[in-house]
Amino acid sequence: MKKFNYINKNTVLGFGNDILKNILNSRGIKDTDLFLNLNESVIEDYNKYDNIEECAKLYIHHIKNESNIIYLVDFDTDGVTSSSEGIRYSNDICTYLNKKCNIDYVLHSHKAHGLDDKEAFQRILELKPNLVIIPDAGSNNLDELLYFKNNNIDYIVLDHHKGYINKLKEHGLYATIVNNQLSDNINNKDMTGVGVVYKFNKCVDSLLKTNYADKYLDLVAFGLVADSADMRNLECRYLTEQGMELIKNNNGSCKLLNTIFKDKSYSMNNNMTINGMAFYMIPAVNCIIRGGTVEEREILFKGLLGQSETFIDKVRGKGEIEFNIEGYIVRLYGKLKRKQDKIVTKYVDELSEQIEQCKLNTMEIMVLNGDEIEDSTYNRVIVNKLADKYKKHSILLKHFYNNIYGGSASGYKNKDIKDFRTWCNETGLFIMAEGHNMAFGTKIEQENIQKLYDYILTIPSTDTLCYSVDGVYNENTLNDNMIKVIGSFENVWGGKLDEPLFAIENINISSSDVAIMGANKTTLKLIYNGISFIKFKSNEDEYNEIIQNKNNKFTIIGKFKINEYNNSINPQILIEDYMFEKTNEIKQFRF
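So, how was this worked out
- Residues numbered from 1 in each chain as written.
- Predicted model: local features only at pLDDT ≥ 70, side-chain atom pairs only at ≥ 80, totals over all residues.
- Heavy atoms only, no water.
- Pairing = 2+ DSSP bridges.
- Helix = DSSP H or I, 4+ residues; strand = E, 2+ residues; numbered from the N terminus.
- Contact = heavy atoms within 4.5 Å.
- Axes fitted to C-alpha atoms, helices over the stretch in contact; angles between N-to-C directions.
- Expected span 1.5 Å × (residues − 1).
- Buried < 20%, exposed > 50% of the residue type's maximum accessible area, 1.4 Å probe, protein only.
- Arc of directions from axis to C-beta.
- Polar contact = N/O pair within 3.5 Å; in protein donor to acceptor, adjacent residues only side chain to side chain.

S.K.: I keep staring at the sheet that holds strand β19 (residues 531-535) and nothing clicks. Help me out?
M.R.: Across a sheet, strands are paired by hydrogen bonds formed along the backbone, either parallel or antiparallel in direction. The strand order across the open sheet built from 7 strands is β15-β16-β20-β21-β19-β18-β17, with neighbouring strands paired in mixed fashion. Both edges of this open sheet fall to β15 (472-473) and β17 (514-517), since each of them pairs with a single strand only. By the bridge criterion, 5 bridges tie strand β18 (residues 523-528) to β19 in an arrangement that is antiparallel. Note that in β19 the partner of Y528 across the bridge is I531. Most of the contacts of helix α18 (residues 480-487) go to strand β20 (residues 551-565), to which it runs at about 50°, and overall it touches β15, β16 (502-510), β19, β20 and β21 (568-582).

S.K.: Would you explain the pairing of strand β12 (residues 430-435) in this entry?
M.R.: Within a regular strand, the side chains alternate between the two sheet faces. The pairing of β12 with strand β13 (residues 439-445) spans 5 bridges and is antiparallel. Directly across from A433, in β13, lies its bridge partner T442. Count of turn residues in the β12/β13 antiparallel hairpin: 3 residues.

S.K.: Help me out: how do you make sense of helix α13 (residues 294-305) in this one?
M.R.: Along an α-helix, a turn takes 3.6 residues, which lines up residues three or four apart on a common side. Compared with the 16 Å implied by 1.5 Å per residue over 12 residues, the 16 Å span of α13 between its first and last C-alpha is a close match. Buried within α13 are the following residues: E296, R297, I299, L300, F301, G303, L304 and L305. Of the residues flanking the end of α13, it is G306, one or two places downstream, whose phi is positive at about 85°.

S.K.: Whenever I open this one, α18 confuses me. Can you help?
M.R.: Of the residues making up α18, those classed as buried are M482, I483, I486 and G487. With its buried residues spanning 125° around the axis, α18 presents them on a single face. For α18, the side-chain oxygen to backbone nitrogen distance between the N-cap and N481 is 3.3 Å, and the N-cap itself is N479.

S.K.: Looking at this model, I keep getting lost on the sheet that holds strand β4 (residues 131-135). Mind explaining?
M.R.: Taken together, the 5 strands give an open sheet; going across it, the order is β3-β2-β4-β5-β6, and neighbouring strands pair in parallel fashion. At either end of the open sheet lies a strand with only one pairing partner, and these are β3 (102-107) and β6 (177-179). Going across the sheet, the axis of each strand differs from the next one's by a mean of 15°, ignoring polarity. Lying on the sheet, helix α5 (residues 118-126) is in contact with β2 (68-73), β3 and β4; it crosses β3 at an angle near 160°. Here α13 sits on the sheet in contact with β2 and β3, set at roughly 140° to β3.

Laid out in structure tokens, this is it:
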């Protein structure tokens, strides 16, 4: 039987902004006034980055010499925004200096990182560059950087990943690397690749007395949010707020981002927020990067560069229609999303059979055999879905080569293990587990898989889910005004600044106050004393299980929201989780 355990339980007290400040205090934000009214004072001096001025001068030297400059575009959203930001900025500088550089780029043809991709490395060499710029990667590519050095090819690495600084220095490779993780004087270790490129561009601006870097804050914001930058960090948050404002007001440099926002604005309640960007806009780009062909990913990148190509596409009932590049990319996302959903649903269903037949869901961590998955493109999405469905940490493994298996892992945030990647590394059984704490790639030798199963069996399995809640309410303390006040703060949350979560205990709801809604019957709605409780991604089986009892006593974990409809503002609670039991108690009258 499911159980909830509350950890870090806080009590939300006060009125209006006092409530918000109390919540922020509980999340480690001390200067709430500054946090809620950010300004340029939170920007860290770019001169604190190791090597930045030397790299900027090298870059300017190559622009003035009209060099052949190649950008290596990394294979994720931070990578494509970093490179598009850099290339567009470089075009501005060339125009300003009246220089005609050949600025080109190399895209990975498959999932890869930096110069680890030997095919991309060879294509760079074939272009005979004078300068190679590597945003969002490169700090660990010792052999390739050494090759550049020995063959008189200049390079600039603009990265945020940890690297082998001692080896880089030992081989004389560090002087043209700008990396916040490797710079001792930099406090902001949360900046991602797109932010490091921005810092570099600001340094160039300073040397040339120009002001082009801020034009691309829309791309900076998009890349920071996409790569899960910590929005409790004041500098990251300030840059993101500035960039989001550009997109919201259709003033951004990137017409594609403006178009995606317009396409997703209904789902985002016509409001630009960190969570809205993360949940609705960024998946459009991720879907093309993950599931598109090489040609389709290049179209996406051209859209981010602001190129003005047109495309012909068939529209049902209208025949062939010409689209600008932004409109075509939105259509492309829709097609690839439908393809992704079909493939993911197929394999989630098949792996669910494996889980239930082998009783893997009785274990605290599920290790799944994905050898039947023909294409690993969507492994990350598949394992995320399974982790959410079974509320378990999950690892999806597939045979790679020889005796090596690998794949994707997804942690479920409400379990006792809070850093699943570290847990995997500490077992000593994996060749590697790299990525984010709760979403990462893995490799393991075949002989260690059984050892992993055996080790997991020693961990007590429990249905208890741990929720860090900001307050616990019941039928006597739950009220409309508190929900509305907290729901009005939606612009604040996102990027590791967790939205407030509340437990509502022991409320009696009649089956007549339960409904399943939507064309596909996927939205569950409960009504209690005029307050709507909404759960998305539900189904009729879930609904029928509830209404088989005339009355049920619920405990609900949810987020406080406001629903604006027909100029009316109503309290709403978005259900994260719930449990219920049959009761003979009748809901009490409430005046």
